[in-house]
Amino acid sequence: MEVDRGAMECAVDAQSLISMSLMKIHSSRTQRGGIKLHKNLLVSYVLRNARQLYIKEKYAEIYRMQQYEEVMAVCSGIQELDPLEPLEPQGAEDAEPEQPVRAAGCGEESRAAGGREPEPPYYRSCCMEDQFSQNCNKTTVLDLDTHVVTTVENGFLHQDCCCAAAAAAPQCAPGAAARKRKVDSAGCSPDAEEPSDYTAGRKRLKREECSGADCSPDASNISNLISIFGSGFSGLLSRQADLEQVCSKQALASLGAWTRAIVAF
Amino acid sequence: MAGPGGGSSDVQWCFSQVKGAMDDDVAEADIISTVEFNHTGELLATGDKGGRVVIFQQEPESKNQPQCRGEYNVYSTFQSHEPEFDYLKSLEIEEKINKIRWLPQKNAAQFLLSTNDKTIKLWKISERDKRPEGYNLKEEDGRYRDPNSVTTLRVPVLRPMDLMVEASPRRVFANAHTYHINSISVNSDHETYLSADDLRINLWHLEITDRSFNIVDIKPANMEELTEVITAAEFHPDQCNTFVYSSSKGTIRLCDMRASALCDQHAKMFEEPEDPNNRSFFSEIISSISDVKFSHSGRYMMTRDYLSVKIWDLNMETRPVETYQVHEYLRSKLCSLYENDCIFDKFECCWNGNDSVVMTGSYNNFFRMFDRDYRQDVTFEASRENSKPRSVLKPRKISTGGKRKKDEISVDSLDFNKKILHTAWHPLDNIIAVATTNNLYIFQDKLN
């Protein structure tokens with residue numbers, strides 16, 4: 001999507017637009033009269049546009065900065081896992097876009113979203129706990145809308161590589177995960193979980209973040225983003241973001257800065 | 001100074017009246033949310049955020065001053081909707097009046113439909129200027145007489161009294177909308193009307209409140225696939241089988257109710273391809289249509305999106321026949337307008353009586369008129385400074401370039417809190433009603 005940035009009067013960057021949009025969505029929950037569907041739909045379009053641009057710019061920047069060998073080092077590492085198909089740009093994003101995106105985690109559900117055996121195993125392997133376990137970070141996340149606790153594998157990366165993109169505007173649908181369990185009343189009382197009590201929710205979010213030995217703060221922060229937004233967020237992902245699969249590790253590190261900013265609200 | 005109006009370019013618009021409190025502190029309940037003339041123009045109704053309806057009536061022209069049209073004075077005020085609470089969803093239902101539509105007059109009483117987010121009500125406004133006197137069983141003060149003391153019978157007579165205007169709810173059309181109602185429209189058959197929310201349009205009979213027909217449903221099976229919502233809907237002025245609805249994606253669909261019971265398949269779809277040069281983060285927002293109005297002739301319809309007004313010929317679906325820029329200078333300010341939520345403002349638009357001029361509102365209490373015949377446009381301001389009786393409105397100019405001429409207003413000094421979202425044009429005469437935040441301005445053309 002080409003953006004006429006010259007026409008932007010203020011110094012708009014995708015980052016601030018994303019935070020602004022998320023705040024609007026969040027505050028709309030407490031507005032009198034209920035959630036305004038029309039306004040939230042429009043905000044989600046801005047969010048999608050900003051995110052598309054941000055990711056494009058980010059990855060372009062990463063490519064420029066990196067040495068070619070560094071890229072190859074990552075790719076050869078991938079190849080070790082499965083010598084079949086390196087750097088196949090099609091991958092998981094090949095799934096028909098019209099298929100409804102279920103808030104799918106991995107396992108059986110991801111197969112429905114785009115499960116085909118010939119997929120490059122890199123995309124599959126991140127979902128299989130046993131293969132990538134030393135790199136997978138488990139993050140437990142509480143969805144502020146549905147009070148569903150989800151355990152997300154490897155945070156952001158997990159969502160993107162397994163869910164087919166669909167032109168979906170998000171609603172406050174339950175968060176995506178590999179495993180879900182309803183929060184029981186002993187654990188936390190849903191009544192106290194007022195959407196307006198954002199601070200409390202955020203605190204609970206942070207408290208439940210567990211990690212493996214090396215819990216990447218970036219992955220957990222990005223999964224916070226998902227939990228705030230709901231599973232429809234995965235549908236916003238551009239299907240052109242194939243290249244990011246390859247450099248996702250490096251990308252995650254650099255994305256950490258802005259995701260932390262959002263969590264700081 | 002000349003301005004567009006009524007087919008001639010010599011119309012001069014003058015201030016006539018302003019209604020509402022003139023202090024700076026605006027109570028939220030007083031914010032005007034809808035304005036509508038009735039079919040003769042004699043009555044002017046406003047709805048506000050507090051759920052009240054105020055109806056103004058035009059005084060008959062006085063013989064002393066034949067040059068002046070009658071003034072509009074308060075005729076009736078009533079509380080149409082109250083705030084409610086949906087216990088099932090834990091949601092408050094706002095009492096704000098979203099739309100008022102008058103029914104064509106059939107007898108002495110007047111009828112209007114008013115709606116908030118969830119419930120539509122049919123109100124009967126009737127006059128009482130006589131009262132019966134001489135009851136047999138009651139005293140004049142209302143106390144009942146002892147029946148044993150009644151020795152004669154008489155027929156009560158009607159005696160004149162001070163005019164009393166009563167508003168009573170005759171029908172309540174409830175529980176038919178899951179999403180927020182944005183439009184109501186009375187059919188030309190005068191028996192049915194439609195109500196539209198974000199995802200569905202229902203057809204009602206004015207006499208039947210316990211059920212309605214769903215005629216449009218764009219709710220996807222999976223809400224994650226939602227890409228557009230309904231933003232406005234209106235019946236054709238003459239063809240009782242035809243209606244249109246606009247969407248947040250900038251499309252208008254025309255449906256024929258004869259084709260099938262559920263009008264999900266449109267008969268015509270009006271859409272203009274997007275100009276790729278204007279693509280921005282906010283393209284989807286500014287292309288969302290906020291209002292759609294048929295011309296009185298029924299040949300054209302007008303749509304309002306954030307920056308422009310478009311006139312469509314119903315026979316041509318590919319592009320509008322006319323496009324008028326309302327405030328193109330805002331295109332470079334979309335980011336700030338997104339930040340302060342102004343980009344979500346829903347401006348309405350209206351036709352004059354003979355469809356030669358269209359009008360819509362803008363910011364800084366400006367409103368714009370576009371003369372279709374003479375290809376002229378003019379900007380006026382509704383402000384207290386211009387509120388001297390019969391003072392002629394001076395056209396305003398906004399300076400977009402670097403050099404600001406005298407009397408021009410720079411874009412940066414526009415007050416975005418002062419917005420004119422609702423305007424109405426008298427169906428037969430050059431009288432307009434323009435609603436600022438909490439005031440109603442009435443302007444008329446100067447009679448010579």
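Residues numbered from 1 in each chain as written. Chains lettered and ligands numbered in written order. Predicted model: local features only at pLDDT ≥ 70, side-chain atom pairs only at ≥ 80, totals over all residues. Heavy atoms only, no water.

A look at the overall build of chain B
Under the convention used in this document: For the purposes of this entry, the term helix denotes a DSSP run of H or I that reaches at least four residues, the term strand denotes a run of E that reaches at least two, and both are numbered from the N terminus. Our radius of gyration is a C-alpha quantity, and the globule rule it is checked against amounts to 2.2 Å times the number of residues to the power 0.38. Buried residues are those whose accessible area, probed at 1.4 Å on protein chains only, stays under 20% of the maximum for their type, while exposed residues exceed 50% and partly exposed ones sit between those limits. Residue contacts are counted whenever heavy atoms from the two residues lie within 4.5 Å of one another.
Helix and strand content of chain B: two helices and 34 strands. Since a compact globule built from 448 residues should have a radius of gyration of about 22 Å, the 24 Å found for chain B is in line with a globular shape. Taken along the three principal axes of its C-alpha coordinates, chain B extends 90 × 60 × 40 Å. Counting only residues that meet the buried cut, chain B has 53% of its 448 residues in that class. Once local pairs closer than 6 in sequence are excluded, the contacts in chain B between residues at least 24 apart make up 54%.

Things to note about the overall build of chain A
If you tally the helices and strands in chain A, you get eleven helices and three strands. Across chain A, helices and strands are ordered from the amino to the carboxyl terminus as α-α-α-α-α-α-β-β-α-β-α-α-α-α. For chain A, the residues scored as buried account for 54% of the 265 residues in total. In chain A, 77% of the contacts between residues at least 6 apart in sequence involve partners at least 24 apart.

Structural notes on the sheet that holds strand β14 (residues 183-186) of chain B
Residue and element names in this part refer to chain B. As a reminder, the rule being used: Any two strands are treated as partners once DSSP identifies two or more bridges connecting them. Simply put, an axis is a line fit to the C-alpha atoms, just over the touching stretch for a helix, and the angle between two N-to-C directions goes from 0 to 180 degrees.
The strand order across the open sheet formed by four strands is β14-β15-β16-β17, and the pairing between neighbours is antiparallel. The sheet terminates laterally at β14 and β17 (208-217), the two strands that pair on one side only. Going across the sheet, the axis of each strand differs from the next one's by a mean of 25°, ignoring polarity. Two strands pair when backbone bridges link them, and strand β15 (residues 192-196) and strand β16 (residues 200-205) are joined in this way by five bridges, in the antiparallel orientation. The partner of A196 across the bridge, within β16, is I201.

Details of the pattern of salt bridges
What counts is decided by this rule: We define a salt bridge as a side-chain nitrogen of Lys or Arg found within 4 Å of a carboxyl oxygen belonging to Asp or Glu.
The full count for this structure, using the stated rule, is 40 salt bridges over all chains. In this structure, K24 of chain A engages D341 of chain B in a salt bridge whose closest nitrogen and oxygen atoms are separated by 2.6 Å. Placement of K24 of chain A in helix α1 (residues 14-28) and of D341 of chain B in the loop between α2 (334-339) and β26 (349-351) is noted, with the two residues assigned to different chains. Residue classification places D341 of chain B among the partly exposed residues on the basis of a relative accessible area of 27%. Notably, a salt bridge pairs R143 of chain B with D141 of chain B, separated by 3.2 Å at the nearest N-O pair. Exposure remark for R143 of chain B: the relative accessible area of 56% places this residue in the exposed category. Overall, the relative accessible area of 53% leaves D141 of chain B in the exposed class. Linked by salt bridges that have partners in common, R32 of chain A together with E92, E94 and E95 of chain B make up one network.

As for the sheet that holds strand β29 (residues 376-381) of chain B
Think of a sheet as strands paired side by side through backbone hydrogen bonds, with each pair either parallel or antiparallel. All names here are of chain B. Taken in spatial order, the four strands of this open sheet run β26-β27-β28-β29, and their pairing is antiparallel. Bordering the open sheet on either side are β26 and β29, each of which pairs with just one other strand. Neighbour-to-neighbour, the strand axes of this sheet turn through a mean angle of 20°, independent of strand direction. When strand β27 (residues 357-361) meets strand β28 (residues 366-371), the two strands line up antiparallel, connected through five bridges. Counted as the bridge partner of V357 is D371 from β28.

Description of the nonpolar core
Which entries qualify depends on this criterion: Buried Ala, Val, Leu, Ile, Met, Phe, Trp, Tyr and Cys residues form a nonpolar core when they are joined through side-chain atoms within 4.5 Å.
Judged by nonpolar contacts, the single largest core of 37 residues is most densely connected at F282, Y306, Y338 and I343 of chain B. Looking at this core element by element, the count peaks at seven residues for helix α2 (residues 37-65) of chain A. If you look at the next biggest cluster of nonpolar residues, it comprises 18 residues, including V357, M359, V378 and A382 of chain B.

Here we look at the confidence of the model for chain B
All names here are of chain B. To be explicit about the condition: By definition, pLDDT measures how confident the predictor is in each residue, and it falls between 0 and 100.
Confidence in the prediction of chain B, expressed as mean pLDDT, is 93, and 97% of residues score 70 or more. Contacts of residues 1-8 to residues separated by more than four positions or lying in other chains number 31 contacts, the stretch itself having pLDDT below 50. Predicted as a complex, the structure gets a pTM of 0.72 and an ipTM equal to 0.91.

Here we look at the environment of N40 of chain A
All names here are of chain A. In this fold, N40 is placed in helix α2. Assessed through its relative accessible area of 13%, N40 is described here as buried. Here the alpha-carbon distance between N40 and K24, two residues 16 residues apart in the chain, equals 8.0 Å. With sequence-adjacent residues up to four places away left out, N40 is seen in contact with I25, S28 and I35.

Thoughts on the environment of D341 of chain B
The criterion, for reference: The term polar contact refers here to a pair of N or O atoms within 3.5 Å; inside protein, the definition further demands a hydrogen-donor-capable atom paired with an acceptor-capable atom, and it admits residues adjacent in sequence only when both atoms are side-chain atoms.
Linking D341 of chain B and V434 of chain B, residues 93 residues apart in sequence, is a C-alpha distance of 22 Å. Apart from residues no more than four positions distant in its own chain, D341 of chain B is found in contact with K24 and K39 of chain A. One polar contact links D341 of chain B to K24 of chain A, side chain to side chain, over a distance of 2.6 Å.

Re the side chain of T115 of chain B
Residue and element names in this part refer to chain B. The residue T115 is located in strand β11 (residues 110-115) in this model. The exposure class assigned to T115 is buried, which follows from its relative accessible area of 0%. Of the polar contacts made by the side chain of T115, one reaches the backbone oxygen of T119; its length is 3.3 Å. Not counting residues up to four positions away in its chain, the partners in contact with T115 are H81, K96, I97, N98, K99, I120, I181 and I184.

A short note on the confidence of the model for chain A
With 25% of its residues at a pLDDT of at least 70, chain A reaches an overall mean of 52. Low confidence marks residues 153-265 of chain A, where pLDDT is under 50. Its contacts with residues over four positions away, or in another chain, come to 258 contacts.

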